[in-house]
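# Residue-level structure breakdown
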Amino acid sequence: MGELNRRKFIKLNSVVGIGATYALHQTPVRAFEFLDKVNQQPAILGGNPVVDHDWPDWPIWNPETDEKRLLEVMRSGVWSRKNVTQEFEQKWAELIGSKRCLALVNGTNALITSFANLDIGWGDEVITTPYSFIASTASILFNGAIPVFADIDPKTFQIDPAKIEEKITDRTRAILPVHILGLPCDMDPIMDIARRHNLVVVEDACQAWLAEYDGKKAGTFGNAGCFSFQNSKNIPIGEGGAIVSDDDAFMDRCFSYHNYGMPYGSVKSDRGGAVMSGTKLRITEYQCAIGLAQLERLDEQTDMRSENAAYLSAMIREVPGITPYELYSKVTRASFHLYPFRYDQREFKGLPRAKFLSALSAEGIPCSSGYIPLNKMPYLENAFNSKNFKKYYGEKELNIDRYNEENECPLNDKLCYEEAVWLPQYVLLGSRRDMESIRNAIGKIHANAEKLKNS
Ligand SMILES: Cc1ncc(COP(=O)(O)O)c(C=O)c1O
C-alpha cells in the first residue's frame, strides 16, 4: 500500500489496539452515541455519508522487513522451490497443527491434487455445499467426479450436516466441507457421517486460515485440508495454496503429482523417471518469502477481525431485519474472510436487497450480495455435455433435468438471491468507531427505508 494509506491504516488500528484480547463470544453492550443521526438524509439521496475516510488497503506489507525478505530471494538467484518454500511449509504445518504441508500454485490446485491422490474421480460422487466459490466444485469435476449438493443452514451459511446423509448413494466417495467465509463447518457430525459411511473428507479451508472447531484448526479434521493464499485472502501472497495432512503416503503422492510425477519419499521405482501421471504446480521461493512475512501478521489480524465482528454483531442484531451469522457452539475461532449477515426486506418496508446495498455503499461501507448458487450455474451442464462425461456416465445416467431437480437447495437460493450481505475482511481491521459507523449506516437506511424504496 502507499505510504499515506499505510499511515492511515496504522492510525485506524491503533484506535482499537491491534492484538487486543480475542473475544469471539463477547457481546459488548454500548450506548449508541450516534443514533440521533439515523434520521439524516441517506447519502444515496444527497446526504453526507456516515464514513468519509478510506478503509485499510489490501494487501498490507511492511516496506522494511517484507521487502528485505523478497530482495534476499531475488538476489540469491534461487527462485524455484527450495529452502524458503520448505521454511514456509514447516511454519504453516506447525501453525495448523498438521504433520505435513505442501505449498503449491493455488487453492484450486490444492483441492484438485487432494482429490486426485485420494483416488476420487470418474464414477464417484462428492457431497458439498452450493454456497461457495466455483473452485470448490471445479476441483470435483476436474477429476471426473460429480458434485452433489446438500443444502445449507442459513443461520451459519455452512453446509447443513443434517442434509448430507440423505444425499449418500452407492457412488458417494467423499465429502467436501467448505469453511466458507472463514466460519468453520460443524465438523463433529460431518466426520461422524464420513466414518459411518467410509467416506473421504477433503476440507476446503481456502478461507479459513487459523479458524478452529473445538480447539482444532480447520483443515485438520479430514484426510486433507486445502488453503488459498490468493491476493484477496487474509494471508495474501498474490497466488498460492497449500495442502496439509498427517498422512505421509498421501503427502508423498501429492508432492510427486505436483512435480510431474517424479519420485518423492514413498513414491519410488527402480526403473527411473516419472513414477505417476502428474503435472507441474510448483510454487516459487519469492511467493513463499512473502508468505513468511504475511504469517507474522496473521494471528494478530485474525484476533482483531474476530473482536470487531463480535462487536459489530452485538450492535447490528438490534436493527430489525438484520441477522448476523451464527457460529456452531464448538467453534473456538473464526477467520472472517468476510463478515456476513442476512437482510430481511420485509423489515425495511420492502426495500429490495440491491437498493439496500447501493445505499450502504453510498454511506461509505464496502459491501456486496456475495455468491450465486453453485448448483445453478451453466458450467455443470457444460461439463456433463463434454465428451468424457458423456462417454463415462452416459446421457441417460447424467440427465441434467433430473440432476437439477435432485440438487435443489431452496434455503441456499433464498440466501443467495434475497438475504446475504457481505462486508470484506479488511473492514474488520478498522476501529471500533468504524464498527459503530457501520451500525449507524444500517440504522440510517432502516429509518429511511420508505423514502429509499420510492426513490
Ligand atoms: C472457498 C474457496 N475454495 C477454493 C478457492 C481457490 O483458491 P485459489 O484462488 O487460490 O485457487 C478459493 C479462493 O478463491 C475459495 O474462496
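Presented here is an overview of the structure given in this document.

Moving on, we come to the site of the ligand. Residues in close proximity to the ligand total 17 residues, the closest being Thr 108, Asp 204, Gln 207, Ser 228 and Lys 233. Backbone polar atom of Gly 107 to an oxygen atom of the ligand: 2.8 Å apart, as the coordinates give it. Residue Lys 233 places a side-chain N or O atom 2.7 Å away from an oxygen atom belonging to the ligand. Protein coverage of the free-state accessible area of the ligand, which is 380 Å², stands at 93%.

Core analysis: the largest hydrophobic core is formed by 89 residues, its most contacted members being Tyr 131, Phe 348, Phe 356 and Ile 442. Residues contacting Phe 348, with those up to four places away along its chain left out, are Val 319, Pro 320, Gly 321, Ile 322, Tyr 343, Phe 356, Ile 442, Ile 445, His 446 and Ala 449. Of all hydrophobic cores here, the second largest spans 26 residues; its members include Val 84, Ala 208, Ala 242 and Cys 288.

Turning to its location among the elements, Asn 234 is positioned in the loop between β10 (224-228) and β11 (241-245). The buried category is assigned to Asn 234, whose relative accessible area is 2%. A distance of 2.9 Å separates a polar side-chain atom of Asn 234 from the backbone oxygen of Ser 335. Polar side-chain contacts of Asn 234 include one of 3.5 Å to the backbone oxygen of Phe 336.

On a regular strand, each side chain points to the face opposite its neighbour's, so the side chains alternate between the two faces of the sheet. Burial analysis of β10 places 5 of its 5 residues in the buried class, which makes it a mostly covered element. Side chains Ala 224, Cys 226 and Ser 228 of β10 all project onto a buried face; the interleaved residues Gly 225 and Phe 227 project onto the opposite face, where all are buried too. Sheet topology note: the β10/β11 ladder contains 4 bridges and is antiparallel. Bridge pairing in β11 places Gly 225 opposite Val 244.

Of the two faces of strand β2 (residues 125-128), the one holding Glu 125 and Ile 127 and the one holding Val 126 and Thr 128 are both buried throughout. Bridging between β2 and strand β3 (residues 146-149) involves 4 bridges; their strand directions are parallel. Of the residues in β3, the one forming a bridge with Ile 127 is Val 148. For the handedness criterion, the β-α-β arrangement of β2, helix α5 (residues 134-142) and β3 is classed as right-handed. Alignment of β2 against strand β6 (residues 172-176), held across 4 bridges, turns out to be parallel. Counted as the bridge partner of Thr 128 is Leu 176 from β6.

Conventions used here
- Residues numbered from 1 in each chain as written.
- Predicted model: local features only at pLDDT ≥ 70, side-chain atom pairs only at ≥ 80, totals over all residues.
- Heavy atoms only, no water.
- Near = heavy atom within 4 Å.
- Polar contact = N/O pair within 3.5 Å; in protein donor to acceptor, adjacent residues only side chain to side chain.
- Areas by Shrake-Rupley, 256 points an atom, 1.4 Å probe, with all protein chains shown as cover.
- Core = buried A, V, L, I, M, F, W, Y, C linked by side-chain atoms within 4.5 Å.
- Buried < 20%, exposed > 50% of the residue type's maximum accessible area, 1.4 Å probe, protein only.
- Contact = heavy atoms within 4.5 Å.
- Helix = DSSP H or I, 4+ residues; strand = E, 2+ residues; numbered from the N terminus.
- Pairing = 2+ DSSP bridges.
- Right-handed = clockwise from strand over helix to strand, strands pointing away.

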